[in-house]
Amino acid sequence: MAIALGSERLIDGPDRRLIEGQRIGVVCNPASVDGRFRHIADRLAEGGDWRLTAIFGPQHGFRSDLQENMIETPHAQDARRRVPVYSLYSDTREPLDEMLRDLDVLVVDLQDVGTRIYTYIYTMANCLRAARRHGIRVVVCDRPNPIGGEQIEGNRLDPAYASFVGQFPIPMRHGMTIGELARLFNDRFGIAAAVDVVWMEGWRRSMYFDETGLPWILPSPNIPTLDSATVYPGTVLFEGTQLSEGRGTNKPFEIVGAPWIDGDRFAGAMNARGLGGVFFRPVFFEPTFHKHAKTPCGGCQIHVTDRGAFRPYRAAVEMLAEFKREAPERIMWRDPPYEYEQEKRPIDVLYGSDRLRRTLDDGGDAARLAAGWPAEEDAFRELRAPFPRDADLRRVPVRVRAVDRQPRVEPEAAEFRVGAFAQPLCLAQAVHQLAGALARRFEQLERQFVRTVVVQPAREHVLVARLERRALLREQPAEPDGGNHLAVGEMVHDLASRPRRRRRLRLELLRRRLQERLGDDAIAVLVLVDQRFAFFPSHDDLLVYPSVFAIPGARFSCAVSGTR
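These lines cover the structure that appears in this document, whether it is placed above or below. Just so you know, these numbers come straight off a predicted model, no measurement behind them.

1. Some words on the overall build of the chain
Okay, step 1: Counting its regular elements, the chain contains 16 helices and 20 strands.
Okay, step 2: Contacts in the chain between residues at least 24 apart in sequence constitute 72% of all its contacts with a sequence separation of at least 6.
Okay, step 3: As displayed, the chain has an accessible area near 23,400 Å², and 47% of this comes from carbon and sulfur atoms.

2. Side note on the environment of Ser32
Okay, step 1: Within the element layout of this structure, Ser32 appears in the loop between strand S1 (22–27) and helix H2 (40–46).
Okay, step 2: Using a relative accessible area of 1% as the deciding quantity, one classes Ser32 as buried.
Okay, step 3: Apart from the residues within four sequence positions on either side, Ser32 is in contact with Arg38, His39, Ile40, Asp109, Leu110 and Arg143.
Okay, step 4: There is a polar contact of 2.5 Å between the side chain of Ser32 and the backbone oxygen of Asp109.

3. Points about the pattern of salt bridges
Okay, step 1: Per the stated rule, a full pass over the model turns up 32 salt bridges.
Okay, step 2: Between Glu376 and Arg355 there is a salt bridge, and its shortest N-O distance comes to 3.6 Å. Within this pair, whereas Glu376 is found in helix H12 (residues 373–384), its partner Arg355 is found in helix H10 (residues 355–361), the two being separated by 21 residues in sequence.
Okay, step 3: Arg355 sits in the partly exposed class, given a relative accessible area of 36%.
Okay, step 4: Among the charged side chains, a network of salt bridges with common partners joins Asp42, Arg63, Asp78, Arg80 and Arg81.

4. Thoughts on the nonpolar core
Okay, step 1: Formed by 98 residues in total, the largest nonpolar core has its most connected members in Phe56, Phe185, Leu237, Phe280 and Met319.
Okay, step 2: The element best represented in this core is helix H4 (residues 120–134), accounting for nine residues.
Okay, step 3: Setting aside residues up to four positions removed in sequence, Leu237 forms contacts with Met172, Tyr313, Ala316, Val317, Leu320, Ile347, Leu350, Tyr351 and Leu356.
Okay, step 4: One finds Leu18, Ile40, Ile55 and Val105 within the second-largest nonpolar core, a separate group that totals 21 residues.

5. Considerations on the side chain of Glu318
Okay, step 1: Mapped onto the fold, Glu318 is located in helix H8 (residues 312–326).
Okay, step 2: At 2.4 Å, the side chain of Glu318 forms a polar contact with the side chain of Arg273.
Okay, step 3: When near neighbours in sequence (up to four residues on either side) are disregarded, Glu318 contacts Met270, Arg273, Leu275 and Ala366.

6. As for empty space enclosed by the protein
Okay, step 1: On inspection of all chains with the given rule, the structure shows nine cavities of 30 Å³ or more.
Okay, step 2: The computed volume of the second largest cavity comes to approximately 90 Å³.
Okay, step 3: Lining the second largest cavity are 13 residues, and of these Ala31, Gln111, Arg143, Phe209 and Pro215 sit closest to its centre.

7. Regarding the packing of helix H7 (residues 263–272) against H8
Okay, step 1: Relative to each other, H7 and H8 sit at 130°, their axes nearing to 10 Å. If you check the angle between H7 and H8, you find them oblique. Our pair here, H7 against H8, has a crossing hand that is right-handed. Where H7 approaches H8, its residues Arg265, Phe266, Ala269 and Met270 are matched on the opposing element by Ala315, Glu318, Met319, Glu322, Phe323, Arg325 and Glu326.
Okay, step 2: For the contact of H7 with H8, the class distribution of residues is six nonpolar, no polar and five charged.

8. A few points about helix H6 (residues 226–235)
Every α-helix winds through 3.6 residues per turn, so residues three or four apart in the chain are directed the same way.
Okay, step 1: When you tally the buried positions in H6, you get nine out of 10 residues, the bulk of the element.
Okay, step 2: All of the buried residues in H6 are Leu226, Ser228, Ala229, Thr230, Val231, Tyr232, Pro233, Gly234 and Thr235.
Okay, step 3: Residues of H6 that are buried make contact with strand S8 (171–173), strand S10 (255–258), strand S12 (297–304) and H8.
Okay, step 4: Its side-chain oxygen 3.3 Å from the backbone nitrogen of Asp227, Thr225 forms the N-cap of H6.

9. Let's talk about the pairing of strand S5 (residues 105–108)
Okay, step 1: Burial along S5 is two-sided: the residues Val105 and Val107 and Leu106 and Val108 are all buried.
Okay, step 2: As paired strands, S1 and S5 are joined by four bridges and run parallel to one another. Looking across to S5, one finds that Val27 is bridged to Val108.
Okay, step 3: Inspection of the sheet shows S5 paired to strand S6 (residues 137–141) by four bridges, in the parallel sense. Its bridge partner lying in S6, Leu106 is registered against Val138.
Okay, step 4: This β-α-β element, S5 to H4 to S6, shows right-handed connectivity.

Calculation rules
- Residues numbered from 1 in each chain as written.
- Predicted model: local features only at pLDDT ≥ 70, side-chain atom pairs only at ≥ 80, totals over all residues.
- Heavy atoms only, no water.
- Helix = DSSP H or I, 4+ residues; strand = E, 2+ residues; numbered from the N terminus.
- Contact = heavy atoms within 4.5 Å.
- Areas by Shrake-Rupley, 256 points an atom, 1.4 Å probe, with all protein chains shown as cover.
- Buried < 20%, exposed > 50% of the residue type's maximum accessible area, 1.4 Å probe, protein only.
- Polar contact = N/O pair within 3.5 Å; in protein donor to acceptor, adjacent residues only side chain to side chain.
- Salt bridge = Lys/Arg side-chain N within 4 Å of Asp/Glu carboxyl O.
- Core = buried A, V, L, I, M, F, W, Y, C linked by side-chain atoms within 4.5 Å.
- 1 Å grid on protein atoms, 1.4 Å probe; cavity = no way out; pocket = protein on both sides within 12 Å on 5 of 7 lines; lining within 4 Å.
- Points joined across faces, edges and corners; volume = space filled by probe spheres on them.
- Axes fitted to C-alpha atoms, helices over the stretch in contact; angles between N-to-C directions.
- Parallel < 35°, antiparallel > 145°, perpendicular 65-115°, else oblique.
- Left-handed = near helix turned anticlockwise from the far one by under 90°.
- Nonpolar A, V, L, I, M, F, W, Y, C, P; charged D, E, K, R; others polar.
- Pairing = 2+ DSSP bridges.
- Right-handed = clockwise from strand over helix to strand, strands pointing away.

Shown next, in the form of structure tokens:
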């Protein structure tokens, strides 16, 4: 099956409505092309029912022409498209209000490489924060994780070591796409911007990039091939050392070494460690620039022989331990600054804590460190599970019909996307998507029509969603204060803990309280799943309580009723 990228579905598909009639800014670089090599900035500039008003570039620049880390890109003017180009790797790493003044929507289309420290995902997070402050929407175009979506590897970032190469507690290899990360950062880690993800179609989690049929364009200057991206979640750690990570060679991140290392001995020692899916071949090289430029180095090239068995992060930690063993008298660690961090050691920022450095300096081995990773990987696997992709959720049909003496909407088929995920927030996400889709649909057909949406699953579970006319007309609903949120949350948890026979009375009390607190013009969504309740006070900024979980394989139907 051919893959349709998020950018293609945004411009050519059903999600075009997200940018119609809007002034658009786009965050992109040379890898922001579709399957036919069309660049998103060109496609947006060519015209349509929108206007491109600004371009934003991540680290290495909009043209990806600056090689080194910590080399800032200046702002510029794009003569071809006649719009300003703002650098988000300059005096600011977050769009300023004056940069967003002429925008209605900010589109993000960046190719991530599946590694926690890759700065493009934090440029996206910074854009979400800036857009929230400025009151504009963000549209994130989904793209493949080039090293697949199944494997998770490594420790989670300790928040005390947060930086521009790690803002959130995720493992080094996270197994998520940039669209999934947008939802995770926004919904789970509290950015709370108005964001739409345009999911790609046809991608499977088992896919590496060379299985997608898409053209490989360098995401950044030192990720020239999929091979370099495959080892990158591990060998990026060498940026925090005095050892060369292969910059200045034609195999960056695949070749690692230093002038004081004997490549034959080192490669032999690494192969003796018996790591799965990899062969370490001895190499002798001379970087043309960067660390040890013009100096002969010894080391190894990492050859991945089995992607499924290869663990890049474990391999890199084992390599660091071997480098330390072979030259204990050498200073291994690089001093700050590194990626705008002035005090913490670069290796600590990259690893996400000081445990790696301290363990190796104290003579410990890599196995000690790796023994703690599975628990953190499992915790993250559970955390990321509630963020299903639309492509995974299209199996459950919903019939939308009008109930009125003079129906203004003809019966039609629609899709309510709820997947087989027994995790928090999945159902909430689906309700949110359904309410938005219905609002947009009925706004097109009859602005004064819909007042209530009722969604009911097929079994004994019940879900009720109220969609009021004011929200339908895209007016800002009244915003409850934080105290109301807390009070409602306490009532929900109280209700969930009551004996079943007393819940009906408590439910009526909760409904009345919601109406009193929110008024008739707000949206109220009340969910009952396996006798547990949650309440979402607004359409664009859901407040979710941990008592919500989805029903695996649940089937839902929907009826819409209203008055003129």
